[in-house]
Amino acid sequence: QVQLVESGGGLVQPGGSLRLSCATSGISFSIYTMGWYRQAPGKQRELVATITGGGTTNYADSVKGRASISRDNAKNTVYLQMNSLKIEDTAVYYCNARYTITRPPYWGQGTQVTVSS
C-alpha cells in the first residue's frame, strides 16, 4: 500500500519560512521523481518544485529563489523549504511521486499553508 503523508503546514506571517515534509512508504522511493504541488482556493493545482531520483531539481518561476526541494532517500522523505513567504503562497500543498509519465502518480492528502498577518 502506497502512502504519502505531508506535514509541516500551518499559519505563518508574510516573510516567514516553513519546511514541509512528505514521508512515503510502499514505493521504491529512490527511483521516483518527487514533487510538490499546490492548490489555492478557486485555482487549479500547480507545480511548485520537483526533484528526480538523481537530485535534479526544477522550480516554478513563482517560487524560484525562495524554495528549495530536497530528498533523503534513506528516510524515504522529500522536503520543501519555503522562505520569504507571500500571501499568494497560501494553498494546500500536495506531495507527488511519479515513476514514469506513462503511469499515474501517487498523491498525498495535502497540508494547508496559510500566509497571513
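This is a predicted model, so every value here is computed, not measured.

Undergrad: So what exactly am I meant to see when it comes to the sheet that holds strand β3 (residues 18-25) here?
TA: Two modes of strand pairing occur in sheets, parallel and antiparallel, and in both the strands are linked by backbone hydrogen bonds. Overall, antiparallel pairing links the four strands, which are arranged β1-β3-β8-β7 in an open sheet. In this open sheet, the two edge strands, each paired with only one partner strand, are β1 (3-7) and β7 (67-72). This sheet shows a mean twist of 15° between the axes of neighbouring strands, independent of strand direction. With five bridges connecting them, β1 and β3 associate as antiparallel partners. Across the sheet, residue Leu4 finds its bridge partner in β3, namely Thr24.

Undergrad: Just checking my understanding: could you explain the pattern of salt bridges for this structure?
TA: Tallying each qualifying case throughout the model produces four salt bridges. In this structure, the salt-bridge partner of Lys64 is Asp61, at a minimum N-O distance of 3.2 Å. For Asp61, a relative accessible area of 64% puts it in the exposed group. A cluster of three or more residues bridged by salt bridges with shared partners is formed by Arg38, Glu46, Arg66 and Asp89.

Undergrad: Whenever I open this one, the packing of aromatic side chains confuses me. Can you help?
TA: When we look at a pair of aromatic rings, we describe it by the centre distance and by the angle of the planes. All told, the structure shown has four aromatic pairs when counted by the stated rule. When the centroid spacing of 5.5 Å and the interplanar angle of 40° are considered together, the rings of Tyr32 and Tyr99 count as tilted. One end of the pair, Tyr32, is in the loop between β3 and β4 (33-39); the other, Tyr99, is in the loop between β9 (91-98) and β10 (106-107), with 67 residues separating them in the sequence. Judged by its relative accessible area of 37%, Tyr99 falls in the partly exposed class. Seen from their ring centres, Tyr37 and Trp107 are 5.1 Å apart, and the 70° between their planes marks the pair as edge-to-face. With a gap of 70 residues between them, Tyr37 in strand β4 and Trp107 in strand β10 connect regions that are remote in the sequence. For Trp107, a relative accessible area of 36% puts it in the partly exposed group. Through successive ring pairs, a cluster of aromatic residues spans Tyr32, Tyr99 and Tyr106. In this arrangement the basic side chain of Arg19 is found over the ring face of Tyr79, its NZ or CZ atom lying 3.9 Å from the centre. The ring of Phe29 is capped by Arg71, whose NZ or CZ atom sits 4.4 Å from the centre of that ring.

Each value, and the rule that gives it
Residues numbered from 1 in each chain as written. Predicted model: local features only at pLDDT ≥ 70, side-chain atom pairs only at ≥ 80, totals over all residues. Heavy atoms only, no water. Pairing = 2+ DSSP bridges. Helix = DSSP H or I, 4+ residues; strand = E, 2+ residues; numbered from the N terminus. Axes fitted to C-alpha atoms, helices over the stretch in contact; angles between N-to-C directions. Salt bridge = Lys/Arg side-chain N within 4 Å of Asp/Glu carboxyl O. Buried < 20%, exposed > 50% of the residue type's maximum accessible area, 1.4 Å probe, protein only. Phe/Tyr/Trp six-rings, centres within 6.5 Å; stacked < 30°, edge-to-face > 60°. Lys NZ or Arg CZ within 6 Å of the ring centre and 35° of its normal.

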